[in-house]
Amino acid sequence: MSDSLSKLEKRTAYTLVLPAVLLVFAIVLFPIFANVWISFKDIELKDIRIPEPRAKKIVKSISENQSELKIIYKLRNSSLIQEIRNVQFQDKFPTNVSPVNLDSRCNFQSKKVVCNFGNWQAKYRENFEITIQNNNGEIIDKKIIKSQKPVLSGKADNPLLTTNFTLENFKKVFYENNFVELLLTTFYFTFFGTVGAIIFGILAAQLVNQNIQGRTYMRGILLFPYVGPVVALAYTWTLLLDPNSGTLNALLVNFNIIEQPINLLGQKYITMSILGFEFKLRLALTTVIFFEIWRYFPLAFLFILARLQAIPQSLYEAAEVDGASPIQKFIHITLPQITAIISILFMIRFIWNFNKFEDIFLLTGGASGTRTLPINVYQQGFAVSDIGMGSAVSIVIVMLLLSFMIIYFRLIGKRANEV
Amino acid sequence: MKFKSLAIFLIVSSFFLTCILSIWKIMATLQGLSFTNLNITPVFLIGILLSLTFVLIGNKLNNLIKILLLSFIFSISYFYLNETSPYWYIFGVFLITLFFTNKLKKYNMQSLKEDFISEKIIFDFITLFGIVFFAFVILFPFYIMLVTSFKTQIALLVNPLDFSLDFTKSLTELFKSYFVIFETYNFGRYILISSAVSIGTVIVTLLFAIPAAYAVARLNFFGKNFLSTSILIIYMFPAIVLVIPLYTVFSQLGLRNSIFGLLIVYTATTLPVAIYMLQGYFKSIPKEIEDAGIMDGQNWFGIILKIIIPLSLPAIASVALYVFMIAWNEFLFSLMFLDSPKSFTLSRAIQYLSGDAETPRQYLMAGSVIVTLPVLFIFIYFEKYLVSGLTAGSVKE
């Protein structure tokens, strides 16, 4: 009895889980493996359509004789680069109609013209003609002939499924593409974006956690940048920072803080001198990082605030009795309570910033030294139209991600052992 | 010791006052007032004088009279220090000073002798300053977005600092950008598409996620543990690595430029989060309630429909809102999959608009306001649900 029940339970479980699992597998897991495949192929954006034989049918009358018609088929190979093998052609005709002087590649039987056109090279074109006549000398209705569409078929390789592989893409990724700078930019962006968001998150959480009026409103407002659509926010920032008529530059010039407007999103480097040391700051990248911090510190804030509110108030009261200063309270009570959540946040944000595409794409499009790995996937795959290369960059991203995760789980495991 | 804390008190409080007054001045400048100097030093100095007189007076005067009097004197002296300014501006200064002096009221010569008072002063004012700072930094871009949509390109090029709204103009004139983007740029259609995709995604996601989450939470089957851990790992993988294979496959299947294609992708990418959030909630429902259902002869389907769903409406609401927000804001896939303006979502439409350098910025901002407002409204209205959704689903964006 219980055995059949558990069998039933299993069966139900699989029926409930399967649709979701299949969907996620098809859309999320399959592409990750497909990337591996594509990254070893020399394939461009224009190659991804499977070539098809196509025909356009034109019907013409021949002089006065209405029992005869000429049909022109404009045949072509839809692909500009691939051949189609063994093209078969088929067209149906009404009763009593038969072709005259049929092409040698074709046969006429049971009201059908069947042709075997053999192989079509890339860009192949032909105007193929059939003359038809009514066997009884009656008028042939043009409309009926026109409404019948020819059927074509042929074998073509799906360029995605061929088995010629190359290592060229990976060679290009590592050697031709300024890979080191790409990687450095990505890490610079990821690291500072993450750390900045966490620091601002701690500050904001610390503020809101105090007894101030309207702190629920404050919590809501602080989350605005995170819930707003990235397109709207990125374009607002672009306008705000615009060097010609952007509000920020206009304000700074107006109050004589700077003399010339600064192109915050379009200038790769800015030379700063602090204490006599001159150094170059990656200006556009820094601006993008600030946008990133602005948009994602709310998340860190939300998590840290939740943790702060769970700290028992008695701890602070006890510290008060012992005569601890506010800074001591923060260092000895608050900080130890939030280190765990901070390390989790750091890892999650690190991985997500590492993959960030939209924000940079919308602000700078990857120009002025803001090209990170995800931006490069898009540029290779869609701007340069080299799908194989884009996939190779994706694979590099996946590999790096996997190694982050392994490190992360190792660290978490250690932490669990210590406790 | 007392002198040190007094000095710190004066400097910190006056610094705070200077900061809010500067922000007020910047906001006034954006209304078209032609200030060219923030006057930080003089304001800072009279701020110090204000705080000093405040603690010196102490309890000799009624508090209300004291703050009104001091604020009034301060505003007058501020008026003389500054370039000519309208009365509403000075009135704003008066109100800010009132707020400030009211904050000062817990300090007097006595309290400055307490332990750690300098640290406490610094903490107090940093808190105040931080709140003003965060609120300003966050709301300012939203403010610019909104007011730009009411201006014209020419007016902004002439004076990029004048965001004042001319209410003498007729309403149609004021909302012109909105009329234009609806009439010429077809935004009505994009709103419909965006809503259809987002609501569709919510429905389909829930249809797939509720049964799966129930199975993970309650039933025993082979591979259950593997499934629940892989959920977490799957949503660490970013959209950008999925884009190329999906693009090629969707091109071959003819799913690009279709709402259906977008719906599938959005559903699949939000499913792991939805399952993760729901199964956590389902586990918290006492099993006895279900046992009663089994006794009544319900099958699994009936249990989910009649017991689990009604009991977990709050969790389902937060998943739904969270998924809606993700789908509404999504940009990467709509950029990749939609080429034809017939099938654009709002985000994609705005990006398309911006691709044309000729598009006046007020149209761009009007579009941005349209795409932002629904999410902000939903967020404000359902904040409680969304926040719990955000915290649970935050592993994902």
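A quick note: this is a predicted structure, and the numbers were derived from the prediction, not measured. (Residues numbered from 1 in each chain as written. Chains lettered and ligands numbered in written order. Predicted model: local features only at pLDDT ≥ 70, side-chain atom pairs only at ≥ 80, totals over all residues. Heavy atoms only, no water.)

Student: Can you tell me about the overall build of chain A, naming the residues and giving the values?
Tutor: Summing up its helical and strand segments, chain A has 14 helices and 10 strands in all. Its C-alpha radius of gyration of 34 Å places chain A more than 25% over the 22 Å reference for a compact globule of 419 residues. Every one of the 419 residues in chain A was classed for burial, and the buried ones make up 47%. If you take every contact in chain A between residues at least 6 apart in sequence, the share linking residues at least 24 apart comes to 71%. Surface summary for chain A: the accessible area is close to 21300 Å², and the carbon and sulfur share equals 58%. Placing the 41 positive and 30 negative side-chain charges of chain A at their respective mean positions leaves the two points 5 Å apart. (Helix = DSSP H or I, 4+ residues; strand = E, 2+ residues; numbered from the N terminus. Rg over C-alpha atoms; globule rule 2.2 N^0.38 Å. Buried < 20%, exposed > 50% of the residue type's maximum accessible area, 1.4 Å probe, protein only. Contact = heavy atoms within 4.5 Å. Areas by Shrake-Rupley, 256 points an atom, 1.4 Å probe, with all protein chains shown as cover. Lys, Arg positive; Asp, Glu negative; His and termini not counted. Charge placed at Lys NZ, Arg CZ, Asp CG, Glu CD.)

Student: Before we move on, can you summarise the pairing of strand β6 (residues 112–120) of chain A with the specific residues and values?
Tutor: Side chains on a regular strand alternate between the two faces of the sheet. All names here are of chain A. Where strand β3 (residues 84–92) lies against β6, seven bridges are found, and the strand directions are antiparallel. Considered in β6, the bridge of valine 87 is made with glycine 118. Where strand β5 (residues 106–109) and β6 come together, four bridges link them in antiparallel fashion. Residue cysteine 106 lies in a different strand from β6, and its bridge partner there is cysteine 115. (Pairing = 2+ DSSP bridges.)

Student: Summarise the interface of chain A and chain B; cite the residues concerned and give the values.
Tutor: Taken together, the contacts link 102 residues of chain A with 100 residues of chain B. Together, the buried faces of chain A and chain B total about 9000 Å²; carbon and sulfur atoms form 79% of this surface. When the buried area of chain A at its contact with chain B is split by residue, A:Val227, A:Phe255 and A:Trp352 rank highest and sum to 8% of it. Viewed at the interface, chain B and chain A are joined by one salt bridge. A:Arg219 is the partner of B:Glu383 in a salt bridge, and the nearest nitrogen-oxygen pair spans 3.2 Å. Our count for the chain A to chain B interface comes out at eight residue pairs in polar contact (both at pLDDT 80 or more). Per element, the largest residue contribution to the side of chain A that touches chain B is 22 residues, and it comes from helix α1 (residues 2–39) of chain A. Here the side of chain A that touches chain B is composed, by residue class, of 72 nonpolar, 21 polar and nine charged. (Buried area = accessible area lost by both parts, 1.4 Å probe. Salt bridge = Lys/Arg side-chain N within 4 Å of Asp/Glu carboxyl O. Polar contact = N/O pair within 3.5 Å; in protein donor to acceptor, adjacent residues only side chain to side chain. Nonpolar A, V, L, I, M, F, W, Y, C, P; charged D, E, K, R; others polar.)

Student: Lay out the packing of aromatic side chains in plain terms, naming residues and giving numbers.
Tutor: In this description, a pair of aromatic rings is defined by centroid distance and the angle of the planes. All names here are of chain A. Per the stated rule, a full pass over the model turns up 59 aromatic pairs over all chains. Between tryptophan 237 and phenylalanine 291 the ring centres are 5.1 Å apart and the planes differ by 75°, which places this aromatic pair in the edge-to-face class. With tryptophan 237 in helix α7 (residues 230–241) and phenylalanine 291 in helix α9 (residues 283–310), this pair connects stretches of sequence that are 54 residues apart. Here the two residues tryptophan 237 and phenylalanine 291 agree in accessibility, since each one is buried. (Phe/Tyr/Trp six-rings, centres within 6.5 Å; stacked < 30°, edge-to-face > 60°.)

Student: Hey, could you go over the domain arrangement of chain B for me, with residue numbers and the actual values?
Tutor: Residues and elements named next belong to chain B. Per the domain assignment, the segments of chain B are domain 1 (2–148) and domain 2 (180–393). Taken over C-alpha atoms, the centre of domain 1 sits 46 Å from the centre of domain 2. Opposite the four residues of domain 1 that make contact, domain 2 presents seven residues. Note on domain 1 versus domain 2: buried area summed over both sides is about 450 Å², and carbon and sulfur give 89% of it. Counting every contact that joins domain 1 to domain 2 gives zero salt bridges. At the junction of domain 1 with domain 2, the criterion picks out zero residue pairs in polar contact (both at pLDDT 80 or more). (Domains from an automatic or database assignment.)

Student: Account for the side chain of B:Thr372, with residues named and values stated.
Tutor: One can find B:Thr372 in helix α18 (residues 361–381). Side-chain polar atoms of B:Thr372 contact the backbone oxygen of B:Ser368, separated by 2.6 Å.

Student: Which residues make up the state of the cysteines, and what are the values?
Tutor: Residue and element names in this part refer to chain A. In the structure shown here, the tally under the stated rule is one disulfide over all chains. Across the disulfide, cysteine 106 is cross-linked to cysteine 115 (sulfur-sulfur distance 2.1 Å). Taking the sign of the torsion about the S-S bond as the criterion, the disulfide between cysteine 106 and cysteine 115, at about 105°, is right-handed. The exposure class assigned to cysteine 115 is buried, which follows from its relative accessible area of 1%. (Disulfide = S-S within 2.5 Å.)

Student: Just give me the short version of the confidence of the model for chain B, but keep the residues and values in it.
Tutor: Low pLDDT marks stretches whose predicted atomic positions should not be read closely. Model confidence for chain B is summarised by a mean pLDDT of 85, while 97% of its residues fall at 70 or above. Of the two predicted TM-score estimates for the complex, the pTM is 0.87 and the ipTM is 0.90. (pLDDT = per-residue confidence, 0-100.)

Student: Tell me about the nonpolar core, and name the residues and values.
Tutor: Judged by nonpolar contacts, the single largest core of 192 residues is most densely connected at A:Leu222, A:Ile304, B:Leu278, B:Phe282, B:Phe333 and B:Phe337. Sort the elements by how many residues they give to this core and α9(A) lands first, with 17 residues. If we ignore the near neighbours within four places in the chain, the residues touching B:Leu278 are B:Ala209, B:Ile210, B:Ala213, B:Ala315, B:Ile316 and B:Val319. In this structure, B:Leu30, B:Leu33, B:Ile46 and B:Leu161 belong to the second largest nonpolar core, which totals 47 residues. (Core = buried A, V, L, I, M, F, W, Y, C linked by side-chain atoms within 4.5 Å.)

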